[in-house]
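# Report on the structure
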Amino acid sequence: MSDVAFESLTPAEWFRRNKEIAGFSSPSRAMYQTVRELIENALDATENHGILPSIKASIRYVDKDKDLYSIYVEDNGIGIPEEEIPNVFGQIFYSSKYKIKQHRGIFGLGAKMVVLYAQSTSGMPVRVTSSMKGSQYIYTYEISIDTVKNKPVIHSHVRVENKYGWHGTAVKVVLEGNWQYAKSRIEEYFTRTAMITPYAEIILIEPNNEVLRFNRITTIMPKPPVEGLPHPSSIDLESLKQLISRNSDIPLIDFLKENFDGIGDETVREFMKTVGIRASKHVKRLSESELRLLAEKMRQFNGWRRPRADWLSPIGEKILANGILHVLKPEAVFVTTRKPSSYSGHPFIVEAAIAWGGSIMPVDKPILYRYANKVPLLQDEGSDVIRHVIDEVDWSQYKVKFPAPLAVVVHVCSTKIPYASAGKEAIADVPEIEKEVRLAVREVARKLKVYLARKEKEQELLTKYAI
Ligand code: ADP
Ligand code: MG
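Rules used throughout
Residues numbered from 1 in each chain as written. Chains lettered and ligands numbered in written order. Predicted model: local features only at pLDDT ≥ 70, side-chain atom pairs only at ≥ 80, totals over all residues. Heavy atoms only, no water. Helix = DSSP H or I, 4+ residues; strand = E, 2+ residues; numbered from the N terminus. Expected span 1.5 Å × (residues − 1). Buried < 20%, exposed > 50% of the residue type's maximum accessible area, 1.4 Å probe, protein only. Contact = heavy atoms within 4.5 Å. Near = heavy atom within 4 Å. Polar contact = N/O pair within 3.5 Å; in protein donor to acceptor, adjacent residues only side chain to side chain. Areas by Shrake-Rupley, 256 points an atom, 1.4 Å probe, with all protein chains shown as cover. Nonpolar A, V, L, I, M, F, W, Y, C, P; charged D, E, K, R; others polar. Phe/Tyr/Trp six-rings, centres within 6.5 Å; stacked < 30°, edge-to-face > 60°. Lys NZ or Arg CZ within 6 Å of the ring centre and 35° of its normal. Domains from an automatic or database assignment. Buried area = accessible area lost by both parts, 1.4 Å probe. Salt bridge = Lys/Arg side-chain N within 4 Å of Asp/Glu carboxyl O. Lys, Arg positive; Asp, Glu negative; His and termini not counted.

### Some points on helix α10 (residues 317-328)
A rise of 1.5 Å per residue sets the reference length of α10, with its 12 residues, at 16 Å; its end C-alpha atoms lie 16 Å apart and thus fit the reference within 8%. Considered for burial, the residues of α10 that qualify are Ile319, Leu320, Ala321, Gly323, Ile324 and Leu328. Packing partners of the buried residues in α10 comprise α5 (179-196), β9 (332-337), β11 (346-356), β12 (367-372) and β14 (406-414). Once α10 ends, the next one or two residues include Lys329, with phi positive near 50 degrees.

### Focus: the environment of Tyr465
Looking at the secondary structure, you find Tyr465 in helix α12 (residues 431-466). The spatial distance from the C-alpha of Tyr465 to the C-alpha of Tyr117 is 67 Å, given a sequence separation of 348 residues.

### What to know about the site of ligand 1
The environment of ligand 1 is made up of 19 residues, and the closest members are Asp75, Ser95, Ser96, Lys97 and Lys112. Here a nitrogen atom of ligand 1 sits 2.8 Å away from a polar atom, N or O, in the side chain of Asp75. One nitrogen or oxygen atom from the main chain of Leu109 is found 3.5 Å from an oxygen atom belonging to ligand 1. Relative to its free-state accessible area of 530 Å², ligand 1 is covered by the protein chains to the extent of 93%. Those elements that provide at least two residues to the shell around ligand 1 are α2 (27-46) and α4 (110-121). Per-element accounting of the shell around ligand 1 gives the leading share, 3 residues, to α4. Taken together, the residues of the shell around ligand 1 break down into 8 nonpolar, 8 polar and 3 charged.

### Remarks on the side chain of Thr218
You can see Thr218 is positioned in the loop between β8 (211-214) and α6 (237-246). Thr218 gets classed as buried once you look at its relative accessible area, which sits at 11%. At a separation of 3.0 Å, a polar atom in the side chain of Thr218 contacts the main-chain amide nitrogen of Ile220. Beyond its immediate sequence surroundings of up to four residues, Thr218 is in contact with Pro198 and Tyr199.

### Some words on the packing of aromatic side chains
Within the structure shown, the criterion is met by 13 aromatic pairs. Ring plane angle 65 degrees and centroid distance 5.3 Å describe the contact between Phe271 and Phe301, whose orientation is recorded as edge-to-face. With Phe271 in helix α8 (residues 265-275) and Phe301 in the loop between α9 (288-300) and α10, this pair connects stretches of sequence that are 30 residues apart. As far as burial versus exposure is concerned, Phe271 and Phe301 are alike and both buried. Here Phe301 and Trp304 contribute two aromatic rings whose centre-to-centre distance is 4.8 Å and whose plane-to-plane angle is 75 degrees, an arrangement assigned as edge-to-face. Taking the relative accessible area as the measure of exposure, Phe301 reaches 16% and is therefore buried. One aromatic cluster in this structure is built from Trp14, Phe15 and Phe93. The ring centre of Tyr465 lies 5.9 Å from the NZ or CZ of Lys464, which sits over that ring.

### Observations concerning the domain arrangement of the protein
We note that the domain assignment places domain 1 (11-214), domain 2 (232-300) and domain 3 (324-458) within the protein. Placing the centre of domain 1 and that of domain 3 at their C-alpha centroids yields a distance of 29 Å. Facing the 27 residues of domain 1 at the interface are 23 residues of domain 3. Both sides together, the interface formed by domain 1 and domain 3 hides about 2,300 Å², and carbon and sulfur atoms give 59% of it. The largest per-residue losses of area from domain 1 upon contact with domain 3 belong to Gln102, Arg192 and Met195, which jointly make up 32% of the total buried on that side. In this assembly, domain 1 and domain 3 are joined by 5 salt bridges. We note a salt bridge from Lys424 to Glu37, for which the minimum N-O separation is 3.9 Å. Those elements that provide at least two residues to the side of domain 1 that touches domain 3 are α2 and α5. Ranked by residue count, the leading element in the side of domain 1 that touches domain 3 is α5, at 9 residues.

### Notes on the side chain of Asp261
Within the element layout of this structure, Asp261 appears in the loop between α7 (252-259) and α8. Comment: no salt bridge for buried Asp261; closest opposite-charge side chain is Arg308, at 4.3 Å. Apart from residues no more than four positions distant in its own chain, Asp261 is found in contact with Leu229, Pro230, His231, Pro232, Arg306, Pro307, Arg308 and Trp311.

### Focus: unusual backbone geometry
In most cases, non-glycine residues show a negative phi, while peptide bonds are predominantly trans. The residue after Phe402, namely Pro403, is reached through a cis peptide bond having omega -5 degrees. Its location among the elements puts Pro403 in the loop between α11 (385-392) and β14. At Lys329, a residue that is not glycine, the phi angle is positive and equals roughly 50 degrees. Positive phi, normally seen in glycine, also occurs at Asn373, with a value near 45 degrees. One can find Asn373 in the loop between β12 and β13 (375-377).

Spelled out as structure tokens, the structure:
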């Protein structure tokens with residue numbers, strides 16, 4: 001008999017054993033990651049649905065000797081349907097965001113990692129209270145995850161009447177943490193979030209009752225993204241097969257027009273010429289080699305229209321400038337939102353800002369604030385494409401002499417951010433993105449140069465007349 005035993009793990013069990021991959025590598029890191037995942041969900045549930053976010057978070061000691069803390073995050077978002085709550089918090093890879101649309105969440109993993117980490121350190125289930133707009137009840141569940149089955153375990157489920165029309169979601173977990181180490185990173189996360197969401201009201205109550213509060217300073221919000229179709233150049237063989245199996249058996253030409261973004265009559269005719277498969281052939285009758293050919297040609301064809309950017313929701317120049325002025329309090333700020341671009345069929349937009357002077361302390365190299373789909377990135381700066389671009393800039397060309405009071409903000413939004421890891425802390429080196437980041441930073445750097453030149457001149461005049 002062989003002494004090799006094989007077994008299969010459910011995703012829940014796999015992630016329970018490999019928490020660090022999703023950012024839960026130590027008590028302090030896990031605390032930060034928990035806050036981050038819950039805030040991301042709260043913001044997605046509000047601003048992506050046109051609701052001005054009001055978010056209340058608190059972190060409290062539960063047992064100081066054992067380093068147990070409770071983390072609570074409440075939002076005024078769209079809420080979660082009652083029957084979905086167990087799956088949403090208790091089954092890995094369960095999400096409403098596997099769509100072609102810009103979200104903070106992407107993996108269907110965050111909330112579950114929080115529950116898994118909490119139950120493996122404190123043994124306590126998550127408590128989720130929610131109500132949807134117009135719902136008659138407010139419902140509360142206590143849930144843990146059966147990792148062997150990748151299924152939720154419901155510990156309790158109660159309902160009360162929704163007398164005042166509240167809608168939103170409140171999540172509370174108890175977990176092992178380390179506030180001393182996590183404090184500055186969590187505060188930084190809130191501050192950086194507030195910087196690009198001046199339309200949100202965000203409050204954090206800390207374990208020692210200190211309060212970090214960001215008021216809403218504008219009611220103008222970015223336009224929420226709409227849900228889109230895949231771009232033909234982003235398709236692989238497997239996704240093509242899946243799409244066909246979900247469709248009825250229609251002619252290839254109609255299938256292409258109905259299921260992909262930006263395929264008009266003329267484009268599809270041009271494209272069909274390059275494939276050599278009959279346009280009227282029904283999709284379910286395509287052979288394996290025809291499918292492979294089709295997928296390949298779809299990726300290679302140069303005549304597609306650019307992917308549409310309606311699936312994206314950039315911050316916008318005005319909101320970004322407002323947020324930066326409010327949080328960093330610089331003397332001047334220069335902002336740009338670039339035109340949409342794309343890589344491998346995924347649309348993306350780069351936004352950049354430079355803040356100068358005022359409350360910004362002079363530094364030896366620019367302070368960098370990185371964002372991906374409106375999520376601040378705090379870790380792994382060294383492996384981020386944005387850092388690489390910033391390091392290459394010759395600032396003396398722009399009249400900057402270090403030490404200088406200079407901060408650079410870069411936001412990349414896309415239907416698919418190429419993260420370097422599941423912890424979502426760095427954007428991978430994609431040439432198209434790198435190029436756009438470079439152009440965006442140069443654009444704002446030129447505006448800074450004009451500003452600094454004007455200031456220099458004014459200074460000269462002042463000195464002249466002062467004599
Ligand atoms: P992801 O955010 O990547 O989808 P999560 O595990 O963090 O994965 O969340 C799973 C799903 O739960 C989300 O797609 C969303 O539908 C729902 N959800 C989680 N938190 C909230 C919230 N605060 N308000 C509304 N829906 C939520
Ligand atoms: Mg999430």
